[in-house]
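# Summary of the model geometry
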Amino acid sequence: MIPEIGHFSLILALFVALALGVLSVVGGQQGRGDWMALARPGAQALWLLTAFSFGCLTYAFYTNDFSVSYVAQHSNSKLPGLYRIAGVWGGHEGSLLLWLMMLSSWMLAVSIFSRQLPDAMVSRVLGILGLVAVGFLLFMLITSNPFLRLSDIPADGRDLNPLLQDPGLVFHPPMLYMGYVGMAVPFAFSIAALLNGRLDAAWARWSRPWATAAWIFLTLGIALGSWWAYYELGWGGWWFWDPVENASFLPWLVGTALIHSLAVTEKRGLFRNWTIVLAITAFSLSLLGTFLVRSGVLTSVHAFAIDPKRGVFILLFLTVVVGGSLTLFAMRASKVRSGGAFALVSRETFLLVNNMLLATAAATVLLGTLYPLIVDALNLGKLSVGPPYFNSVFAPIMVPVLLFMVIGSWARWKSDSVAELAKKLRPVAILAVLLGCGATLLAGAWSTLVALGLTLVFWIVLASLLQIYRQLKDTVNWKSTPMSFWGMHVAHIGIAVCVVGITMVKGYETEKDVRMALGDTVSVGGYTFRLTGIREAQGPNYNADVGDVELIRDGRVLRTMHPEKRTYFSSTMPMTEAAIDTSLTRDVYVSLGERLEGGASPAWAMRVYHKPFVSWIWGGCLLMALGGAIAALDRRYRKKIAASARAGVAKGVVA
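The structure presented is a predicted model; accordingly, all values stated were derived computationally and were not measured.

The next subject is the side chain of H492. Structurally, H492 is set in helix α18 (residues 483–508). Classification of H492 as buried rests on a relative accessible area of 9%. Sequence-distant contacts of H492, that is, excluding residues within four places in its chain, are made with H260, M405, I460 and S464.

Quick look at the environment of S334 now. By the element assignment, S334 lies in the loop between α13 (308–333) and α14 (347–377). Under the relative-accessibility criterion, S334 is labelled exposed at 66%. Taking the C-alpha atoms as reference points, S334 and N273, 61 residues apart in sequence, are found 9.3 Å from one another.

This next bit is on the packing of helix α7 (residues 119–143) against helix α9 (residues 184–196). Close contact between α7 and α9 brings their axes to 8 Å; oriented N to C, the two are set at 125°. In terms of their interaxial angle, α7 and α9 are classed as oblique. As for how α7 packs across α9, the hand of that crossing is right-handed. Of α9, the residues touching α7 (which contributes M121, R124, V125, I128 and L129) are A184, V185, F187, A188, F189, I191, A192, A193, L195 and N196. In terms of residue class, the contact of α7 with α9 is built from 13 nonpolar, 1 polar and 1 charged.

With that out of the way, let us pick up the sheet that holds strand β1 (residues 510–517). Spatial ordering of the open sheet is given by β1-β10-β9-β8, a layout of 4 strands whose pairing is antiparallel. Sheet topology places β1 and β8 (579–582) at the edges, where each strand pairs with a single neighbour. Averaged over all pairs of adjacent strands, the angle between their axes in this sheet comes to 15°, without regard to strand direction. In this sheet, strand β10 (residues 603–612) lies alongside strand β9 (residues 586–596) in antiparallel orientation, the contact comprising 9 bridges. Bridge pairing in β10 places R595 opposite W604. Its contacts with the sheet put helix α10 (residues 201–232) on β8, β9 and β10, and the angle it makes with β9 is roughly 50°.

Procedures and definitions
- Within each chain, residue numbers correspond to sequence positions counted from 1 in written order.
- Where totals are concerned, whole chains, interfaces and linings use all residues; where local detail is concerned, this predicted model gives features only for residues with pLDDT of at least 70, and gives and counts side-chain atom pairs only at 80 or more.
- Heavy atoms throughout the structure, all of them, feed into the side-chain values; hydrogens and water do not.
- Secondary structure elements are taken from DSSP: a helix is a run of H or I of four residues or more, a strand is a run of E of two residues or more, and numbering for both begins at the N terminus.
- Only protein chains enter the calculation, and the probe is 1.4 Å; a residue is then buried if its accessible area is under 20% of its type maximum, exposed if over 50%, and partly exposed in between.
- Note on contacts: a residue pair qualifies if any of its non-hydrogen atoms lie within 4.5 Å across the two residues.
- Lines are fitted to the C-alpha atoms to define the axes, a helix being fitted only along its stretch in contact, and any angle between axes, read from their N-to-C directions, falls within 0 to 180 degrees.
- Roughly parallel here means an angle under 35 degrees, roughly antiparallel means over 145, roughly perpendicular means 65 to 115, and every remaining angle is called oblique.
- Crossing handedness follows the turn of the near helix against the far one: under a right angle anticlockwise gives a left-handed crossing, and clockwise gives a right-handed one.
- Each residue is assigned to one of three groups, with Ala, Val, Leu, Ile, Met, Phe, Trp, Tyr, Cys and Pro labelled nonpolar, Asp, Glu, Lys and Arg labelled charged, and all others, Gly among them, labelled polar.
- Note on pairing: two strands pair once DSSP finds at least 2 bridges between them.

Written as structure tokens, this is what we have:
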């Protein structure tokens, strides 16, 4: 009975979303106060219905209701309770319901935290989000119903994909989806502004905290996914340029450009058309990522290879959203007045240059991701585009991004001079070069690329610290400093910390694949690994071989590590559980491979790594997200607008 109620709740949600979309948009356009008043209650009702449906599916998983086809495919009676909950989004149908749950949660947040905004604007925004929800509800009800019953009920389920039976995968998908779906909010604000014809600083100020919030979740989701791949897959990598990884990275790159472009639009009234394009592109790339993962065109540990007909539906939906948005933009763009002028050397220029570089980086990643698919679709053969392409084209674009990031934060609005900037930043540049080269010499063998990376790190950190010092020195009350100032520098320092991790692990990591019998040793990065035993262990739904590996340095045993090779009852595919010893400046990593035949004594394939500063990659991501959160708390986003302004915006209807 519970699944039927959940399905009926989705049907009701479809009608609520459709009514919300039509009445709220039309009401906002025509100034119909009675229709606009329905927007917030409608969004809240949609959230309640979606949450109830999501709860019904969760209950079916938790109680092992194998009469539900989706539960039978992705759960098992021996599955631990935590992973039963994670099983809700462990497959295609449930992940779409999670997508819708996140979308309705964003709508709920807009309805609650945008009470200081004009009713007409909020009505349009919620209406547009409601229409997006209609598309996904139709997709779910027509092609991907998670509540379908089985006529022949199995005694037990097939079990959740063993790769997904990990704590990281409990939190990674919801966090990533919050970021993915969150890009719908600045998109909705952009379309609402186009409908209203008021692309002014107020619109950018209203939209900016929502774009920042979505970017924060996307940053955390990508970081969690990278960390999960690092410790779970057993190959020691933290980013492989997998197409599905790229699908999440693309909206992050464009979203980064968007939040900086919104800052210029808010402050100076510039880049209005460009900001609209970025908002549309960020959400479109989120939908494209959904298409790539759900359509079955990709084979990946992250992807759901399913019926391509579902991919056709998403592709049509993507076409409608992108085509309709760009058509509306084309109709309105010529009527948008340009803002004030700015000199060639100014903060606006450097922000624009970095925006273009980020857009170019996104384009190169998009090309490398889609080109093999296009070649295959045209029957021109199979083509693989891997890390060598991405590393060779992406890294050179990021170097000037990091360089201009500092110059832009130091340049004045409207106009500045090269001589003045050089005078301010020359000491920072000299000290950064000296420290970067010195740190490289101390780290080990000389590497020009490592020296470049560390020089850029010191360039960012020193410039931020100096700006913070000057701000504190010149300000009587530090509390009067805008939160956005602190958020910017925390995020920039987070980028520097992340670059430290990437630079050091790329420059100095060492690894060995070896055959080890009991008592054998192998040395990597100044550490010695000694295999002392292999024993059998049993988990709730798997059997495992567990290694006992002593980690030794300078003749002293630091600890015993326990890598595992698991075989799940529902799958014959063995899974690797790496053992990792983490410290502030390095990870040592060991994974247990297959038992090797032959030889005088039993032996196993072992893989050992020494990875300097690898944890700084994820620490930097956390700092970036923290910086975004601090910036989003700026009090100017919470100011209430005057009643006259509310009325003026409400009447801003374009003929």
